[in-house]
Amino acid sequence: MKRIVQLFVLVLVLAAVPALLPPYYVTLLNYIGISALVAVGLVLLTGVGGLTSFGQAAFVGVGAYTTAVLTTSTSLPGWIAWAGASPWLALVAGLVITGLIALLLGSLTLKLSGHYLPLGTIAWGISLYFLFGTLDFLGAQSGISGLPPITIGSFSFDEGGEIYYLIWAFVLAAVVTTHNLLDSREGRAIRALKGGVVMAEAMGVDTSRSRIVIFVIAALHACAAGWLYAHMQRLVNPSPFGLHHGIEYLFMAVVGGAGYVWGAVIGAGLVTLLNQWLQDWLPRLFGHAGNFEIIVFGLLLLLILHRAREGMWPALLRLFRVKAEPKVVVEGAAALPRRTLPARGEVILEVKDVTRRFGGLVANKDMNFSMKAGEILALIGPNGAGKSTMFNQISGVDTPTSGEIVFAGQVVTGRDSREIARLGMSRSFQHVRLLPKMSVLENVAIGTHLRGSGGVFPSAWRMERPEEERLLAEAARQIRRVGLEAHMHDEAGSLALGQQRIIEIARALAADPSLLLLDEPAAGLRFKEKEALAELLKKLKAEGVAILLVEHDMDFVMGLVDRIVVMEFGQKIAEGLPEEIQQDERVLAAYLGGVE
Amino acid sequence: MSALLKVQDLRVNYGKVEAIHNISLEVGAGQIVTVIGPNGAGKTTSLAAIMGLLPSSGHIDFDGHVQRAANVEKRVIQGLALVPEKRDLFGEMSVEDNLLLGAFQRFRKGHRDQAQTMEEVFALFPRLAERRSQAAATMSGGERQMLAIGRALMGKPKLLMLDEPSLGLAPLIVREIFRIISGLRDRGVSILLVEQNARAALQVADYAYVLEMGAVAMQGPARELADDPRVVEAYLGLGSKHQAMLST
Amino acid sequence: MILGQDGVSSGAIYALLALALVLIFSVTRVIFIPQGEFVAFGALTLAMLQAGKVPATVWLLVAMGAVVAVVDGLARLRDRDTEGLGSLLGWNLAYPLALAALLHAVESGGLPMALQILLTLAILVPLGPMIYRIAYQPIAETSVLVLLIASVAVHLILTGLGLVFFGAEGVRTAPFSEGSLTFGEVSINLQTLWVVGCSLAFIVGLAAFFTRSLYGKALRATSVNPSGAKLMGISPVVAGKLTFLLAALLGVFSGVLIGPITTIYYDTGFLIGLKGFVAAIIGGLASYPLAAAGAVLVGLLESFSSFWASAFKEVLVFTLIIPVLLWRSFNSHHVEDEE
């Protein structure tokens, strides 16, 4: 509610600006708004998704040139002539073209590890810029002039004070929809990109799709900005779409706080004003004209990277002591449908002759074991025995060199961990993989990813709220179940390491698994917490969930599990009931070692 | 016996989480001291802090030098060496190059006795001599561990810190590594040994510490600790009801 | 044939730059966008010396040296560690000032070209380690992306300073030797021979450095396993500075070589450097031989396209990166992010 009031006040203030300020400032605000639109896209792409682009100015150019060509040319070929009828139709055409280019570039570069993308963006940023300046039908260096103004009905956005409203309407829409998107199932999937591909995929997130989605969204924002720019100037030429402007947009996002949507607006404002001011003063200082402001920008950028990598927005929030409001969990939300668990005693997992080599190293050799629904099996053995490798192969992170793994009746060797998650397997990690800045509730909600279906568009416009309520209610239910309700709205990174492991279990449970893989769940827990964890696992077992755990705490294991598989040097050296394992000579030797 | 390494009230924080609190330990000249304890007790973190890889608070005194800023380079020059759990060899480089790089700081300080030191290392690990020009990445687990120890010895350290040298190695190799560790003590190298294979560690060590939850839970002469039933619980996590079976 | 010659000589320059970029990336993870600025600064500083003026870049050296001396000096005092304070002040304060004094004392225009080149190197090469110290060392542990944004910042600063120092005018330096060699039908420009010869000499020298000297091996070790290298006392700071020193040397010398062939402006370096990048990416930012081969390919593509479709020269060169990335993405196995 508070948020809507704040937004309303902001709209009123923005609406009053052209009446109160001289035209010079209105023009400045127009530029700020257009830049902010591009920067909001970068917040999503770079700040949240961790993908850096220096080439956004080129997408701005695509938007501007598309509309310029379509609305001024008198000799359009028939199939596209419809788009020249109105700037609005040209906007649609521009968005389609930009979307296609972004899809193409994205699918080429996004698969590669981090640093190729920014380099690629630099390259096409330059490429497209030179292209704008050389193609004749784009007017080469002199560009295209005589663009019509944008109209709605009979109203025409002619003057700076008029298009101002259009620009800021776009900015507000972008800010609000981006906010909404980030605060949704899709948004959590996007934010999970920063927590590592392995975790996100294990929760069923299609990370390549998420990357492409944000890349395309950011490009579309840039395209819309270009469209507004072209119809504000009523002419286009190549110079505002060069690489340096691409760098400037990124600069705006970083200055404002790359992870914060409002940071983009603040950053665009600061950088545009500073730019204006420096361009006035520096040439006087140096005695001749030139783009000296880049020295100051460079120094500022370095300073920000060294001293305040978070940017301005979080600093402002701290200054005014603004705290994020805790999310509302609607207790009455209908429970999500449950998976039908296999009948107790039915075989759910089979590991057959699995061998995994890394170069000359044999990490797993001829491993064989199976699990039944409603059974707790422990995988034990000294460090380096190959337990984690086994875990990774079962969950699809790694693929066996030879052998086969069957889960829920299907051969899963060689399949993505995402697909395996869909079949009902969920896991925790030995090295905790949470998003430390997100609340416990949101972290656990990532686990519900596969149980919802709200897409990008419904999320941006809040049409998936009923489902979102159910997902959050489910996450809250799992948090209560593991006994962390007191910390539901705390940042996950602020909890003790043992509790973070428990959050991971809650996240895994939120996926409603039929097989739960737990990697050292009891490490770092106090005695009482261990007891509570054991109780929880027993309850799950009673419900028919199968649990495979790697654990070093023998007290915990012996009192809890049904069977134990012991590994050493990548091989199974024993299998049996806890009592049998405790008497096994080979097991004792493996654990105790010895030099005699 | 005078203390070569003296650590007092060592603390290390990872962000908001305190990884180790208040660890104090000593290594006397010519001693093997072992640190044992369950996974996550802070053994590796302690070694990293002593080596200067991590910032820490508390006092670290090595060979008469009080350590201030975390600075690995300085500590290497003063005679500290760490063989990490992952070995951290230079995979695509030859055995000889790996060893030579172990003497990097001595070379920088003007010492030119690398060839001789390398012969000494080869005498200790004849297997490495056979594989001088082989790339480190192509060697077996045991050979890699030998190379990692050999590389550390190239810097002629006064104190050698070993993190889980037996990790993932076959029993025969483990035995050899431990034989070499006690051999090194006889040549005057002091050793701080972090081990999971507690029985082996307690057999070679003079003194031992048991870490739990980032703090020293027990300490004493290695022979005494080896007979202490609580030790079994600490490193294996086996509860009292399983002790009868383990002490057989 | 002329086109081939042009292509090979610019290819040789791109190769030097690509090698520097691969070196910097593999040791420090920095994607060093400003590498091209060393090229422009090299050519323009030499031009100023040849014109008998004191190059303004020497004041940049003095200023950056002072910053390093203050920052590092204070850190040493805080840690009560006075060892090496002398050499810190010597290299960062005394040396730049002495060089500035020398440049004021001599009439540089009349010096033999070899000495002019030496002075150019003496002014510019120490900037490499200083840039590492000021811009990158404080954030050395952060992600590749943060380092990349820092690179863009350094690029902006250097380009702007280039405009302040050298103005917007372009220059050409005097060639090492005039004229050309003629073999029957074919005539080869002597400067082209210089470019190719010097580049080859540099490449051979670098290869020897990395395989024979302990310092070269230490740099390789740092790129193979940074944590292992750290344990050997090969400090990442020393490795970083040494790498930047080599990269600056390669860049400045490239500028000196290319100065007589191409007109160099204060902002020419950027495009030249980026073409080095295209080559380095062909080598996956990891392989030296592939990067060198890529550089020659870029050089040839550029000179042929400037003949056939000169307007699209830059477009073609930078569009080359897209098939290259495509090829890389098909060849790279599923890269995981952790462990």
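Just so it is clear, the structure is predicted and the values come from calculations on it, not from any experiment. (Residues numbered from 1 in each chain as written. Chains lettered and ligands numbered in written order. Predicted model: local features only at pLDDT ≥ 70, side-chain atom pairs only at ≥ 80, totals over all residues. Heavy atoms only, no water.)

**Looking at the packing of aromatic side chains**
Item 1. Applying the stated criterion to the full structure yields 29 aromatic pairs over all chains.
Item 2. Judged by centre distance (5.1 Å) and plane angle (85 degrees), the ring pair of Phe-155 of chain A and Phe-157 of chain A falls under edge-to-face.
Item 3. By relative accessible area, which is 43% here, Phe-155 of chain A ends up partly exposed.
Item 4. Residue classification places Phe-157 of chain A among the buried positions, given a relative accessible area of 9%.
Item 5. Between Phe-104 of chain B and Tyr-215 of chain C the ring centres are 5.5 Å apart and the planes differ by 75 degrees, which places this aromatic pair in the edge-to-face class. Of the two residues, Phe-104 of chain B is situated in helix 4 (residues 104-108) and Tyr-215 of chain C in helix 9 (residues 214-224); the pairing between them involves two chains.
Item 6. Of the residues examined, Phe-104 of chain B reaches a relative accessible area of 2% and is grouped as buried. (Phe/Tyr/Trp six-rings, centres within 6.5 Å; stacked < 30°, edge-to-face > 60°. Buried < 20%, exposed > 50% of the residue type's maximum accessible area, 1.4 Å probe, protein only. Helix = DSSP H or I, 4+ residues; strand = E, 2+ residues; numbered from the N terminus.)

**Some thoughts on the nonpolar core**
Item 1. Counting residues in hydrophobic clusters, the biggest one holds 207 residues, and the most contacted among them are Phe-54, Trp-168 and Phe-215 of chain A together with Ile-31, Phe-32, Ile-131 and Tyr-136 of chain C.
Item 2. Counting residues in hydrophobic clusters, the runner-up holds 49 residues, among them Ile-376, Val-444, Leu-549 and Ala-574 of chain A. (Core = buried A, V, L, I, M, F, W, Y, C linked by side-chain atoms within 4.5 Å.)

**Topic: the domain arrangement of chain A**
Residue and element names in this part refer to chain A.
Item 1. When cut into domains, chain A gives domain 1 (22-264), domain 2 (341-424 + 513-596) and domain 3 (435-510).
Item 2. Just the C-alpha atoms count here: the centres of domain 1 and domain 3 sit 32 Å apart.
Item 3. Domain 1 puts 20 residues into the contact, and the matching count from domain 3 is 24 residues.
Item 4. For the pair domain 1 and domain 3, the two sides together bury roughly 2,000 Å², of which 60% comes from carbon and sulfur.
Item 5. Ranking the residues of domain 1 by area buried against domain 3 places Arg-185, Arg-188 and Met-203 at the top, with a combined share of 40%.
Item 6. Taken together, the connections running from domain 1 to domain 3 amount to 4 salt bridges.
Item 7. Asp-183 is the salt-bridge partner of Arg-462, the closest N and O atoms lying 2.8 Å from each other.
Item 8. Across the contact surface, domain 1 and domain 3 share 10 residue pairs in polar contact (both at pLDDT 80 or more).
Item 9. If you list the elements that add at least two residues to the side of domain 1 that touches domain 3, you get helix 7 (160-182), helix 8 (185-192) and helix 10 (207-233).
Item 10. Counting residues per element, the side of domain 1 that touches domain 3 draws most heavily on helix 8, at 6 residues.
Item 11. For the side of domain 1 that touches domain 3, a count of residues per class yields 8 nonpolar, 5 polar and 7 charged. (Domains from an automatic or database assignment. Contact = heavy atoms within 4.5 Å. Buried area = accessible area lost by both parts, 1.4 Å probe. Salt bridge = Lys/Arg side-chain N within 4 Å of Asp/Glu carboxyl O. Polar contact = N/O pair within 3.5 Å; in protein donor to acceptor, adjacent residues only side chain to side chain. Nonpolar A, V, L, I, M, F, W, Y, C, P; charged D, E, K, R; others polar.)

**Comments concerning the sheet that holds strand 6 (residues 361-372) of chain A**
Residues and elements named next belong to chain A.
Item 1. The strand order across the open sheet formed by 4 strands is 6-5-8-9, and the pairing between neighbours is antiparallel. On the outer flanks of this sheet lie strand 6 and strand 9 (410-411), each paired with one strand and no other.
Item 2. Where strand 5 (residues 347-358) and strand 6 come together, 8 bridges link them in antiparallel fashion. Opposite Val-347, over in strand 6, you have Lys-372 as the bridge partner. (Pairing = 2+ DSSP bridges.)

**Regarding the pattern of salt bridges**
Residues and elements named next belong to chain A.
Item 1. The final tally for this structure, using the stated rule, is 38 salt bridges over all chains.
Item 2. Linking Glu-504 and Arg-507 is a salt bridge whose minimum nitrogen-to-oxygen distance equals 3.0 Å. Of the two residues, Glu-504 and Arg-507 are both situated in helix 20 (residues 497-509); the distance of 3 residues between them amounts to about one turn of the helix.
Item 3. Look at Glu-504 and you get buried, because its relative accessible area is 1%.
Item 4. Several salt bridges share partner residues, and in doing so they unite Asp-183, Lys-327, Arg-462, Glu-464 and Arg-465 into one network.

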